[in-house]
Number of protein chains: 2
Amino acid sequence: MNGWTRKMLRVDLSEGKTWIEDIDEEILKKYLGGRGLGAYLVYTEVPPETDPLGEDNILAFCNGAMTGVQIPTGGRSSLSTLSPLTGTIFDANTGSQFGVRLRWAGFDALVIKGVSPTPVWLEITKDGAKIHPADELWGKEIPDTVAALKERGTATVGIGPAGENKVLFASIADEKGRSYGRGGVGAVMGAKNLKAIRATGKEKPGIADVDIYKFVNYEAGKMVTASPRTSEGLPEFGTSVLVNLMDWYGVLPARNFQQGGYEHAEEISGERLKDDYLQKRGACWSCPIGCKRVTKVGDEKGEGPEYESIYALGSSLDIHNFDTIISANYLCNRLGMDTISCGATIACAMELEEKGKLDTDLAFGRDDLLLKTVEDIAYRRGLGDEIAEGSKRLSERYELPEVSMQVKGLEFPAYDPRGMQGQGLLYATSNRGACHLRGNMLGPELLGAPKMLDRHASSGKAGILIVIQHTNTVIDSIGMCKFVNFAIGDDFFARLMTSITGVKYETQDLQLAGERIWNLERLYNLRAGFTEEDDNLPPRFLNEPLQEGGSAGHVVHLDEMLEEYYRFRGWRVDGIPTEKKLMALGLAELEMEQENA
Amino acid sequence: MNGWTRKMLRVDLSEGKTWIEDIDEEILKKYLGGRGLGAYLVYTEVPPETDPLGEDNILAFCNGAMTGVQIPTGGRSSLSTLSPLTGTIFDANTGSQFGVRLRWAGFDALVIKGVSPTPVWLEITKDGAKIHPADELWGKEIPDTVAALKERGTATVGIGPAGENKVLFASIADEKGRSYGRGGVGAVMGAKNLKAIRATGKEKPGIADVDIYKFVNYEAGKMVTASPRTSEGLPEFGTSVLVNLMDWYGVLPARNFQQGGYEHAEEISGERLKDDYLQKRGACWSCPIGCKRVTKVGDEKGEGPEYESIYALGSSLDIHNFDTIISANYLCNRLGMDTISCGATIACAMELEEKGKLDTDLAFGRDDLLLKTVEDIAYRRGLGDEIAEGSKRLSERYELPEVSMQVKGLEFPAYDPRGMQGQGLLYATSNRGACHLRGNMLGPELLGAPKMLDRHASSGKAGILIVIQHTNTVIDSIGMCKFVNFAIGDDFFARLMTSITGVKYETQDLQLAGERIWNLERLYNLRAGFTEEDDNLPPRFLNEPLQEGGSAGHVVHLDEMLEEYYRFRGWRVDGIPTEKKLMALGLAELEMEQENA
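Residues numbered from 1 in each chain as written. Chains lettered and ligands numbered in written order. Predicted model: local features only at pLDDT ≥ 70, side-chain atom pairs only at ≥ 80, totals over all residues. Heavy atoms only, no water.

Draft legend 1. Representation of the interface of chain A and chain B within the structure. Taken together, the contacts link 31 residues of chain A with 32 residues of chain B. When the buried area of chain A at its contact with chain B is split by residue, Ala226(A), Lys451(A) and Met452(A) rank highest and sum to 22% of it. Where chain A touches chain B, the interface holds 6 salt bridges. The interface formed by chain A and chain B includes 10 residue pairs in polar contact (both at pLDDT 80 or more). Of all the secondary structure elements, the ones that give two or more residues to the side of chain A that touches chain B are helix H7 (210-226), helix H8 (228-237), helix H19 (461-478), helix H20 (490-501), helix H21 (507-527) and helix H23 (558-569) of chain A. With 5 residues, the top contributor of residues to the side of chain A that touches chain B is H7(A). Tallied by class, residues from the side of chain A that touches chain B come to 11 nonpolar, 10 polar and 10 charged. (Contact = heavy atoms within 4.5 Å. Buried area = accessible area lost by both parts, 1.4 Å probe. Salt bridge = Lys/Arg side-chain N within 4 Å of Asp/Glu carboxyl O. Polar contact = N/O pair within 3.5 Å; in protein donor to acceptor, adjacent residues only side chain to side chain. Helix = DSSP H or I, 4+ residues; strand = E, 2+ residues; numbered from the N terminus. Nonpolar A, V, L, I, M, F, W, Y, C, P; charged D, E, K, R; others polar.)

So, in C-alpha cells, the structure goes:
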C-alpha cells in the first residue's frame, strides 16, 4: 500500500459504534488529504445549519500523505469541523505526534460524530477504535489526562476543563501544549463528551517510489540546512524573534490594536526569552527546524510562548510582566484554550472597561488579574463565562461591537494590517476568519520571502495572496509545516507527493488542488449564510490610522483589494464563484448535489 | 577603500585623451553601480537625439559592487549606451572576465566617447588608459584579436568584422564568446574605430565588514549548493535543457513564431547536446553554478550554444541540423554578433520569402545557406547587408512589418508569449525592447520559482512582474548573475551589499533602487520619443492564436495587463510616471534639470 492508507476510521458516539471504511482514491487525488479531505467531509456530511455542539457535527482528524513520513516537517496533521466560534467550515492543524501515530495505525482519517451519553475516551489501534469510559479523567487538565493514558508507542490528545465547559475557543492538545488550537474544536469535542483520544501505531506509510523519494528528500534536507531562516532564525529564536521586528515595523498590536508597536516590546522579546527563560529547544516529529522553546518560570516548565501568545496575553493587554505572560500561556495549554482568542477576548473586555461599557477591575495593564481571568474563562466563572463566548459575542452583549478585533468571529493574530495591506486582505478573505495561517503575507510584506513587496501598496496584492493561499492550503492538506516553505516550495511538494503516492503531481496540479479546496470551503460558508459583507475588517482598521510607530498614518484599503481579489479568483463581484470557475475546478457537480440535497 | 572604488576612467577618442574622475558616492548609493550607474551616465550625458553611431554617444562599461568580489557569480559586468538598433537607452551584461579585470584595475566604470580617426585599441591598467593603434587588428575575428593582445593577468574584449561594419546587432565579446551581446553595442564600438579593450588588474576590491561578508558569503554558498536548479539543473545541462521543456509547454518558437513548439526539438535539445557535442563544462569567474558548455563540431571547439541561440539559429529557421546550428553559433561569436537578433532577422527574411515579398533562396529549412548568410551579414554582402539592419528595418523595407518579431526594435528571445501572459507583458514593457532578461517570467510562469502562477492568467501578472523587474535591475546593477537568484534572493543581495560597501541596505532599499533605475530608463525613452504605443507586441501575438501544441488557442491579453501595469507602477494611463512617483524615487529634480537643459 503506497502513499495514502485509503482507510478511514469512523466513530459514532451516540450509537457507541466504530467501523472502518475505504476512502475513494479519486477523492484523495482531488483533495490531497488533511485539510482538503476534511473540507470534503464537512462539506458533504455536515449541513451548515447543523448545531456545531450537537450530535450531527463531526470531528474529522485528517492526515496528509506526508504525515508520519520521514521528511522535513512530516509530522503535521489536520482536524476539520463546523466551528462553534465562527459558524464557518474550520480546520485546525497541529505538530502533535498524535497525527503521526494515527497514520501509523493505518488511517488517513478518523471521523467522529454523535454525542456520548457519558464521558469517554477513544483508543485507536491498527484494528480500529475502542470506546472507554472516562469518568475518572473528566475534570482533569490536559497533561494529567494524557499522563493517565500514557503507554509506550502511543500519542494522546485531549481536552481540558475549557473543552468540557464548551468554551468557544477551547483547544484539543497534547501534554506539551501542541494543539489543534483555534475555532473552538475543543468545545466540539467536549460537547461530544469525548475527553481524549490515544493512538497506537507502528507501521510507517508505504512509499511508491523509494529511490525518487530518497533523492528528493535528500535534496529537501539540503535546502532546509542551507536556508538561513530554517537553519538559523527559527532554530535559534523560535517565533518570538518576531516581537522586536514587528514592533519596529509598527505592526505589533498593543492595547487591543489601539497601538501598532509596544513600548515594552524588548521586555517580552524572543531575545529576552532566550536569555532568561529558555531551557532547551524542541521540535515536532521529523522536523529539522525545531522552532519550539522549552521554557521555565518558577517551578513550572512548558513549551512556548509563541509570538502570537506573547501578543495576545502580553502586548494586547498592556502586560509586560514576562513571568505572568509565560505562566498564562502554560495555563491556557493545561486548561485547553487557544491563547490567541483567549487573550484577544480579554483585550476586548479590557477595552469595554476602558470605554465605560463594562464595570470590572479587568483593565489594561492588570497583570495581577491575568491568571485568575484565564482560569475563570475555562471554568466559566463570573465575567469569565462571558469571555468564554469570544470577543464577537462579548462585544455585542455590551453593545460596542467595534472593539471586537475579529473577522467572521475569529480573533486577530499578531499583525496589525494597517502596516501590511495584503495581510488585511488575507484576514478579510480567509475561510476561517482572521487567521495568519491561511496565506501569511508576513513573508512577502515584511521578510522578503519569496519576494519583497511594498507593504503599504494595496494594488497587486490580490494576485500574490491568492497563490500563497493555495500553497498554504496544499501544505495543510499534504501534512507538512508552513515553516518548511521558507526552504522548499511547490516544486518539492509536488515531487514528494509524486514519489510517495505514486500519483503524478506537477506544481500546477497542487496549485489547482489548493484552489479547489479553497473554493469548496468558500461554497460551504456561502451556504452557511456568509456573504461578501463578511469579507471585512473591524472598522478600526479601515478608518482609524495608527498614530505612532513604523506604520503611523495608514489604514487598510480593503475595498479596492477585495474587488481585485474577487476578479482574480474568477468570482462574481459579490464574491460568489462563477459556474465557469466551479467547472474548471471540478466542483460544479458536487455543488449541484448539495443544492438539491 | 571599501566596496566601490569610486573611480571612473574616462576616454575621449576624438581628442585622444584619457583621465580619471571620482564618482560621487551619493550616485553610487542611489544607483548601486553597473546598469544603474550606466543608466545615470547615459541619462545625464547622452541626449536621446544623439546619433548612436556618432561621437557623442558613450560606451559606459560599469561594474557593480560585487564585480570581482569572490562571491557566487561575482563576475558580471554591464555596458550602457544609446542603442543604434532600438534607439532606447540600453545596457548589455556579460560574464566575461573583462569586467573583473577592469574592477581589479581599480575602476567602477570606464566611459568612452568620441570617434578615433583611425583604428585603435585601449589598454587599461591601474594607472589609467592608453590608446594604441589597431590597424593590424582591424578585420580580424574576435578570437584572433584577443589572441594578438594576450598577456598574463589581462582580459580583453573586442569587436569582430560585424562591429567594424556597424551591423546593428553586433556584439562586443571575449575569445570564448562571452558577450555584451544585444542592442548593437558592437556597432557603437566599431563606429568609434575602437577594436578592443584590454584590462590588467590585480587588486581586489576592499570589503567594509569582512566578518559579516564571510558569514553571508558562506551562507550564500550553502544555498547555491543546496538548490536543485543551481546545483543540478544548470550545471548538468546548461540553458539548453529548456529546449524540450519549452517545446512541451508549446512556447518554443519555430518558423519565426508561426509555431509554438518544434517537431524536431529532440534533435536540438540539451540532452542531445550533452550526448553528442559536450566536451566539458565551463563557468564564469567565481561562479559555482557553471552553466557554460564547451562543445565541439568537427575540428572547431567553442562555448554554447545557449537555449536562445538554438531557437534563433535553429527552430525559428526550421533548421534542425545541430552541427550547422552549433557552427553558426561559433561563427556569430567569432564575427561578433548577437545570435538572437541575427537568427531572428534571418527568420524574418525567410518569412518575407515565404510570403512572396523577398526573392531569395533563403527559405525556412535551408540549413545549407545558414553559415554563408551569417558571414554575409557580418561583412554586409548582398542580402546580408539588409539583414544587418535588424528585422524591424528589413520588414519595413519589404513593406510587411508584421513579420518582424520585435518590440522597440529588439528581436524576441525564445519564449512565445502566447503561452506565458506575463512574459508578454514583460516584452512589451522592457526598457530595452523584447528581452527575457529584464524580469523573466519563466520562473513564476513555467518553473514555479519563486511561486507557480497560472501561465495563461493575465490578471494579477503586473504586480509580480514589476517586483521581478526590480530584482533583475538590482542584479544587473550590483554585478551578479540572474541564475544565482534561483538560490538566493533580495535578502542575500542586501546583506552582501551592506557588508561589502559599508552602506546599510535593507531589502526594501534595493527594491526601491531597482524601481528608481527602471523609472530613469523609462524617462529617457520617453524623452527619446517612445510612447505607450511602443509598449506593444507584434500583432501575431495579439490576434493569431497558436494552432498546435501546449499553448494552442491562446493569444496575449496585453491591454488589460498594461492598464494594470501602469496603475501598479504609479504611472499615468498613458504610461508616464507621475510627479508623485518621481518625487518618491528621488528623480524629480534630475528630470527637471533634463527638461530645462
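Draft legend 2. Summary view of the confidence of the model for chain A. Of all residues in chain A, 100% have pLDDT values of 70 or greater, and the mean over the chain is 97. At the level of chain-chain contacts, confidence expressed as ipTM amounts to 0.88, with global pTM at 0.93. (pLDDT = per-residue confidence, 0-100.)

Draft legend 3. Region of interest: the sheet that holds strand S1 (residues 7-12) of chain B. All names here are of chain B. Strand order in the open sheet made by the 6 strands is S2-S1-S6-S3-S4-S5, with mixed pairing throughout. Each having just a single partner strand, strand S2 (17-22) and strand S5 (89-94) make up the two edges of the open sheet. Geometrically, the sheet is characterised by an average inter-axis angle of 20 degrees between neighbouring strands, direction not taken into account. As paired elements, strand S3 (residues 59-63) and strand S6 (residues 109-113) share 4 bridges and run antiparallel to each other. Within S6, the residue paired with Ala 60 across the bridge is Val 111. Along the sheet face, helix H2 (residues 34-45) touches S1, S3, strand S4 (77-82), S5 and S6 and points at about 20 degrees away from the line of S4. (Pairing = 2+ DSSP bridges. Axes fitted to C-alpha atoms, helices over the stretch in contact; angles between N-to-C directions.)

Draft legend 4. Structural detail: the packing of aromatic side chains. Tallied over the entire structure, the rule returns 32 aromatic pairs over all chains. Ring geometry for Phe61(A) versus Phe98(A): centroids 5.6 Å apart, planes at 70 degrees, classification edge-to-face. Highlighted residues: Phe61(A) in strand S3 (residues 59-63) and Phe98(A) in helix H3 (residues 97-104), separated in sequence by 37 residues. With relative accessibility at 1%, the residue Phe61(A) sits in the buried group. Its relative accessible area of 0% is what places Phe98(A) among the buried residues. Aromatic ring contacts, followed pair by pair, group Phe257(A), Tyr311(A), Phe412(A), Tyr427(A) and Phe541(A) into a single cluster. Across from the ring centre of Trp19(B), 5.3 Å away, lies the NZ or CZ of Lys17(B), which sits over that ring. (Phe/Tyr/Trp six-rings, centres within 6.5 Å; stacked < 30°, edge-to-face > 60°. Buried < 20%, exposed > 50% of the residue type's maximum accessible area, 1.4 Å probe, protein only. Lys NZ or Arg CZ within 6 Å of the ring centre and 35° of its normal.)

Draft legend 5. View of the sheet that holds strand S15 (residues 278-282) of chain A. Residues and elements named next belong to chain A. Taken in spatial order, the 3 strands line up as S15-S16-S17 in an open sheet, and their pairing is antiparallel. Because the sheet does not close on itself, it has two edges, and the strands there are S15 and strand S17 (300-303). Recorded for the sheet is a direction-independent mean angle of 20 degrees between the axes of neighbouring strands. Relative to S17, strand S16 (residues 292-297) is paired through 4 bridges, and the arrangement is antiparallel. Each bridged residue has a counterpart across the sheet, and for Val 294 the counterpart in S17 is Glu 303.

Draft legend 6. Highlighting the relation of the copies chain A and chain B. Superposing chain A onto chain B takes a rotation of 180 degrees plus a shift of 0.0 Å along the axis, which leaves an RMSD of 0.0 Å. Such values leave the two copies arranged in the relation of a two-fold axis. Residue by residue, 100% of the interface of chain A is reproduced at the interface of chain B, so both copies engage with the same surface. (Least-squares fit on C-alpha atoms with pLDDT ≥ 70 in both.)

Draft legend 7. Highlighting the side chain of Glu515(B). Residue and element names in this part refer to chain B. Positionally, Glu 515 belongs in helix H21 (residues 507-527). The exposure class of Glu 515 is buried, given its relative accessible area of 13%. Discounting residues that sit within four places of it in the chain, Glu 515 has contacts with His 470, Arg 569, Lys 581 and Leu 585.

Draft legend 8. Expanded view of helix H20 (residues 490-501) of chain B. Taking 1.5 Å of rise per residue, the 12 residues of H20(B) would be expected to cover 16 Å, and the 16 Å separating its terminal C-alpha atoms lies within 8% of that figure. Of all the 12 residues making up H20(B), 10 are buried; the element is thus mostly covered by neighbouring parts of the structure. Along H20(B), the residues classified as buried are Asp490(B), Asp491(B), Phe492(B), Phe493(B), Ala494(B), Leu496(B), Met497(B), Ser499(B), Ile500(B) and Thr501(B). As for H20(B), its buried residues are in contact with H8 of chain A together with helix H7 (210-226), helix H19 (461-478) and H21 of chain B. Gly502(B), located one to two residues past H20(B), shows a positive phi value of around 80 degrees. (Expected span 1.5 Å × (residues − 1).)

Draft legend 9. Representation of empty space enclosed by the protein in the model. All names here are of chain B. Under the defined criterion, the tally for this structure stands at 6 cavities of 30 Å³ or more. The space that makes up the largest cavity amounts to roughly 70 Å³. Lining the largest cavity we find Arg 35, Ala 39, Ser 80, Ile 89, Phe 90, Asp 91, Asn 431, Arg 432, Arg 438 and Glu 521. Counting residues per element, the ones that place at least two in the lining of the largest cavity are H2 and S5. Among the elements that line the lining of the largest cavity, the one with the most residues is S5, at 3 residues. Of the residues that constitute the lining of the largest cavity, the class distribution is 3 nonpolar, 2 polar and 5 charged. Three or more residues apiece are contributed to the lining of the largest cavity by two domains, here domain 1 (7-200) and domain 3 (417-486 + 506-596). (1 Å grid on protein atoms, 1.4 Å probe; cavity = no way out; pocket = protein on both sides within 12 Å on 5 of 7 lines; lining within 4 Å. Points joined across faces, edges and corners; volume = space filled by probe spheres on them. Domains from an automatic or database assignment.)

Draft legend 10. Structural view of the pairing of strand S9 (residues 154-158) of chain B. Residues and elements named next belong to chain B. Within S9, 5 of the 5 residues are buried, which leaves the element mostly enclosed by the surrounding structure. Along S9, one buried face is formed by Thr 154, Thr 156 and Gly 158 and the opposite face, lined by Ala 155 and Val 157, is buried too. Pairing of S9 with strand S12 (residues 194-200) involves 5 bridges; the strand directions are antiparallel. Across the sheet, the residue bridging to Val 157 is Ile 197, located in S12.

Draft legend 11. Spotlight on the packing of helix H17 (residues 421-429) of chain B against helix H23 (residues 558-569) of chain B. All names here are of chain B. Look at H17 against H23: their axes get within 10 Å of each other, and the N-to-C directions meet at 65 degrees. In terms of orientation, H17 lies roughly perpendicular with respect to H23. As H17 packs across H23, the resulting crossing turns out to be right-handed. Contact with H17, carried on its side by Gln 421, Gly 422, Gly 424, Leu 425, Ala 428 and Thr 429, involves Leu 558, Met 561, Leu 562 and Tyr 565 of H23 and no other residues of that element. Split into classes, the residues belonging to the contact of H17 with H23 amount to 6 nonpolar, 4 polar and no charged. (Parallel < 35°, antiparallel > 145°, perpendicular 65-115°, else oblique. Left-handed = near helix turned anticlockwise from the far one by under 90°.)

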